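A closer look at the structure
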Amino acid sequence: MALLEVNNIHKKFGNTEVLKGISFSMEPGEALSIIGSSGSGKTTLLRCLNFLETPDKGRISVKGDLLLDADDASTQNESDIRHKRLHFGMVFQSFNLFPQYTALENIMLAPRLLAKENGKLKSEEEAIRIRAKELLDQMGLADREGNYPHQLSGGQCQRVAIARALALSPDILCFDEPTSALDPELTGEVLKVIKSLAEEKTTMIIVTHEMSFARDVADQAIFMDGGVIVEQGDPKEVIDNPKMERTKQFLTNYNNA
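All of these numbers come straight from a predicted model, not from anything done at the bench.

**Observations regarding the overall build of the protein**
Helix and strand counts for the protein come out as 9 helices and 10 strands. A globule of 257 residues ought to have a C-alpha radius of gyration of about 18 Å, and the protein, at 18 Å, matches this closely. Each of the three principal axes of the protein carries a C-alpha extent, and together these read 55 × 45 × 35 Å. Residues counted as buried form 48% of the 257 residues belonging to the protein. Put simply, of all contacts in the protein between residues at least 6 apart along the chain, 65% involve residues at least 24 apart. Surface summary for the protein: the accessible area is close to 12,200 Å², and the carbon and sulfur share equals 46%.

Written as structure tokens, this is what we have:
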């Protein structure tokens, strides 16, 4: 059974159809790279998976459980959305850290809120703190736990954001162009962390413009254009030997940019 099944996802904003029937599946431990030009629907797809947007049509299932059927209002109950979102961890382009909290506090925030909601904050507080410290250490930031976001570099902020996304142990970790807001010299440190997660068989969806990274780290790749999947398959084939003319055109323009 696939870990994630996405079937025929459609999404409109006004009269603009951004997603026009996206379908794919993922096995546990797979890394999927999604490439394509700006405006192709990549970020909207991630936002639909994370329930930050609600598809107009389609179905999303994780571990065989139907999380969303856009035709069935009962699967869109607002009170359930937060719990459905726990299946996915999201790392944004611009970090989205809370400036008033330290690196450690940013990572602890969501687990603390969840524990409080379940009436278990007192009993779980120390375990949450220990887990957050372990994640900071995994990101190479053990000495930065007391720093606020403005005291960290962009690469360090993004690594804190990755740790925060991992804090609730999501089934699938989603990255929305995680290096696009970084200076070139800071990009490598973030890509190194993502590569290590791939080696640990963390299930990931990575929207990226880093073509060599998408090719070398992912198990499968999708090229999106105009709200549809134009080509998908082995990353080395999609990126080094594309079959579709639109994919060839995109990669030629990208390589010549």
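**Some thoughts on the sheet that holds strand S4 (residues 57–62)**
Taken together, 4 strands build an open sheet; the order of strands is S2-S1-S4-S5 and the sheet is antiparallel. Each edge of the sheet is formed by a strand with only one pairing partner; in this case those strands are strand S2 (16–26) and strand S5 (65–69). Averaged over all adjacent pairs, the angle separating strand axes in this sheet is 20°, with direction ignored. In the sheet, strand S1 (residues 4–13) pairs with S4 via 5 bridges, with the strands oriented antiparallel. Bridge assignment links valine 6 to a residue of S4, and that residue is isoleucine 60. Contacts from helix H1 (residues 42–49) reach S1, S2 and S4, with the element oriented near 65° to S2.

**Notes on the packing of helix H5 (residues 154–166) against helix H6 (residues 184–199)**
As a packed pair, H5 and H6 sit with axes 8 Å apart at the nearest point and diverge in direction by 20°. Of the possible angle classes, the one that applies to H5 and H6 is roughly parallel. Judged by the twist between their axes, the crossing of H5 over H6 is right-handed. Packed against H5, whose contacting residues are Gly154, Gly155, Gln156, Gln158, Arg159, Ile162 and Leu166, the element H6 presents Leu186, Glu189, Val190, Val193, Ile194 and Leu197 at the interface.

Quick notes on the rules
- Residues numbered from 1 in each chain as written.
- Predicted model: local features only at pLDDT ≥ 70, side-chain atom pairs only at ≥ 80, totals over all residues.
- Heavy atoms only, no water.
- Helix = DSSP H or I, 4+ residues; strand = E, 2+ residues; numbered from the N terminus.
- Rg over C-alpha atoms; globule rule 2.2 N^0.38 Å.
- Buried < 20%, exposed > 50% of the residue type's maximum accessible area, 1.4 Å probe, protein only.
- Contact = heavy atoms within 4.5 Å.
- Areas by Shrake-Rupley, 256 points an atom, 1.4 Å probe, with all protein chains shown as cover.
- Pairing = 2+ DSSP bridges.
- Axes fitted to C-alpha atoms, helices over the stretch in contact; angles between N-to-C directions.
- Parallel < 35°, antiparallel > 145°, perpendicular 65-115°, else oblique.
- Left-handed = near helix turned anticlockwise from the far one by under 90°.

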